[in-house]
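Below are the chains, spelled out letter by letter.
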Amino acid sequence: MTTIACKFQEVRTRIDAACRAVGRDPCEVGLLAVSKTFPADCVAQVARLGQQAFGENYLQEGVDKIAQLRAAGWTSLVWHCIGPVQANKTRLVAEHFDWLQTLDREKIARRLADQRPAQLAPLQVCIQVNVDGGANKAGVAPDEALALARVVAQLPRLCLRGVMSIPEPAPDFDTQRALHLRARKVFDEIRAAAVPGCERFDTLSLGMTGDLEAAIAAGSTLVRVGSGLFGTRPQRA
Ligand SMILES: *Cc1c(COP(=O)(O)O)cnc(C)c1O
């Protein structure tokens, strides 16, 4: 087996074990392969193992990789933008990605709705929630998420799918789970509000290589794994 195939197995095994530990069905938890900084041929290696969903943080890098993989015949991969998006870069997301997980402002949502090409499926979006209150951090405050959800759900060409969060790294399982549970609470609140236009609200994107077990314990339906699959990332200049 290649190194990537071994790592892919390891990650699947971790997800399965984490689900079993809390009595969840492993089918409830999807895997997003975070391929930022890794070249297109690494993506193709993981795609050959059956992985469909890939996450990119840096827009231009992601757009280039999407084009390379499409040109190589990988036309059914699903691409998630999981990085910050400036207002002047929304067109790259609207025209090239299938999902945006880091929506945290009405202005960005409106631009995406205007720019999403009519021939593409609606852009699937998650609202990013800032669960640990870092003032410089992306994400809406938990008590502002429902209001944003109501706006986003009404916009054409966007489909609001859930909530995502990137808490600061925490040293132990209980602290990690407690932070993830704050995002879970926001997810449950929006779902309970039965926001009109939000009928496919099913995605709680929580957990990375270091904390996926705690995220699954908190109810994650999508873990975003980069280094656990592809190896240590080169430092970005
Ligand atoms: C880089 C990144 C990940 C993956 O992180 P790893 O620790 O390498 O698994 C997940 N989510 C987001 C938003 C990221 O930026």
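Just so you know, the residues in each chain are numbered from 1, in the order the chain's sequence is written. This being a predicted model, a pLDDT of at least 70 is required before a residue's local features are given, and a value of 80 or more before pairs of side-chain atoms are given or counted; all residues contribute to the totals for chains, interfaces and linings. Where side-chain values are given, they derive from all heavy atoms of the structure, hydrogens and water being excluded.

Visitor: Explanation requested: the overall build of the chain in the structure shown.
Guide: Labels follow the DSSP assignment, with helices taken as runs of H or I lasting at least four residues and strands as runs of E lasting at least two, numbered in each case from the N terminus. Looking only at helices and strands, one finds nine helices and eight strands in the chain. Over its C-alpha trace the chain gives a radius of gyration of 17 Å, about what one expects of a compact globule, namely 18 Å for 237 residues. C-alpha atoms of the chain, sized along the principal axes, occupy 50 × 45 × 35 Å. The buried share of the chain, taken over its 237 residues, is 50%. Contacts were defined at the residue level, with two residues in contact if any of their heavy atoms lie within 4.5 Å. A separation of at least 24 residues holds for 63% of the contacts in the chain among residues at least 6 apart in sequence. Each radius of gyration reported is based on C-alpha atoms, and the globular scaling rule is 2.2 Å times the count of residues to the power 0.38. Throughout this description, buried means an accessible area under 20% of the type-specific maximum (1.4 Å probe, protein chains only), exposed means over 50%, and partly exposed covers the range between.

Visitor: Just checking my understanding: could you explain the side chain of Q124 for this structure?
Guide: Tracing the backbone shows Q124 in strand β5 (residues 123-128). Two N or O atoms count as a polar contact when they lie within 3.5 Å, although within protein this holds only if one can serve as hydrogen donor and the other as acceptor, and sequence-adjacent residues are included solely when both atoms are side-chain atoms. One polar contact links the side chain of Q124 to the main-chain carbonyl oxygen of P122, over a distance of 2.9 Å. Residues in contact with Q124, not counting those within four places in the same chain, are D98, W99, L100, C159, R161 and R200.

Visitor: What is the right way to read the UniProt feature "domain: Alanine racemase N-terminal" (unreviewed entry) in the chain from this model?
Guide: UniProt positions are given in the numbering used here, feature names are shortened, and annotations may be inferred rather than shown by experiment. UniProt's entry tags residues 29-234 with the feature "domain: Alanine racemase N-terminal" (unreviewed entry), counted in the numbering of this structure. Across residues 29-234, helical content stands at 38% and strand content at 18%; the span's end C-alpha atoms are separated by 28 Å.

Visitor: Teacher, can you tell me more about the site of the ligand here?
Guide: Being near a molecule or strand, for a residue, means having at least one of its heavy atoms within 4 Å of it. V34, K36, N57, I82, I166, M208, T209, R224, V225, G226, S227 and R233 make up every residue found near the ligand. Separating an oxygen atom of the ligand from a backbone N or O atom of G226 is a distance of 2.8 Å. Interatomic distance of 2.8 Å between a side-chain N/O atom of R233 and an oxygen atom of the ligand. Note on areas: these come from Shrake-Rupley sampling with a 1.4 Å probe, and a residue is covered only by the protein chains present in the view. Computed on the free molecule, the ligand has an accessible area of 390 Å², of which 90% lies beneath the protein chains in the complex. Only Asp, Glu, Lys and Arg are considered charged in this grouping, and only Ala, Val, Leu, Ile, Met, Phe, Trp, Tyr, Cys and Pro are considered nonpolar; every other residue, Gly among them, is considered polar. For the shell around the ligand, the residue count by class is five nonpolar, four polar and three charged.

Visitor: How do you make sense of the UniProt feature "modified residue: N6-(pyridoxal phosphate)lysine" (unreviewed entry) in the chain when you look at a structure like this?
Guide: In this numbering, the UniProt entry assigns the feature "modified residue: N6-(pyridoxal phosphate)lysine" (unreviewed entry) to K36. Those residues within four positions of K36 in sequence are excluded, and the remaining contacts are G55, E56, N57, Y58, E61, K65 and R233.

Visitor: Would you take a moment to explain the packing of helix α2 (residues 40-48) against helix α3 (residues 59-71) for this structure?
Guide: For any two helices packed against each other, the geometry is given by the interaxial angle and the distance between the axes. Closest axis-to-axis distance for the α2/α3 pair is 10 Å, and the angle between their directions is 55°. When the axis of α2 is compared with that of α3, the two are oblique. Here α2 runs over α3; the crossing is right-handed. Of α3, the residues touching α2 (which contributes A40, V43 and A44) are K65, Q68 and L69. Looking at the contact of α2 with α3, its residues break down into four nonpolar, one polar and one charged. Each axis is a line fitted through C-alpha atoms, taken for helices only over the stretch in contact, and angles between the N-to-C directions span 0 to 180 degrees. Should an angle lie under 35 degrees it is considered roughly parallel, over 145 roughly antiparallel, and from 65 to 115 roughly perpendicular; all remaining angles are considered oblique. When the near helix sits turned anticlockwise from the far one by under a right angle, the crossing is termed left-handed; a clockwise turn instead gives a right-handed crossing.

Visitor: I'm lost on the environment of D172 in this one. Help?
Guide: Structurally, the position occupied by D172 is in the loop between β6 (158-164) and α7 (173-192). In this structure the C-alpha to C-alpha distance between D172 and A214, which are 42 residues apart in sequence, comes to 9.0 Å. Looking at D172, its side chain comes within polar contact range of the main-chain nitrogen of D174, at 3.2 Å.

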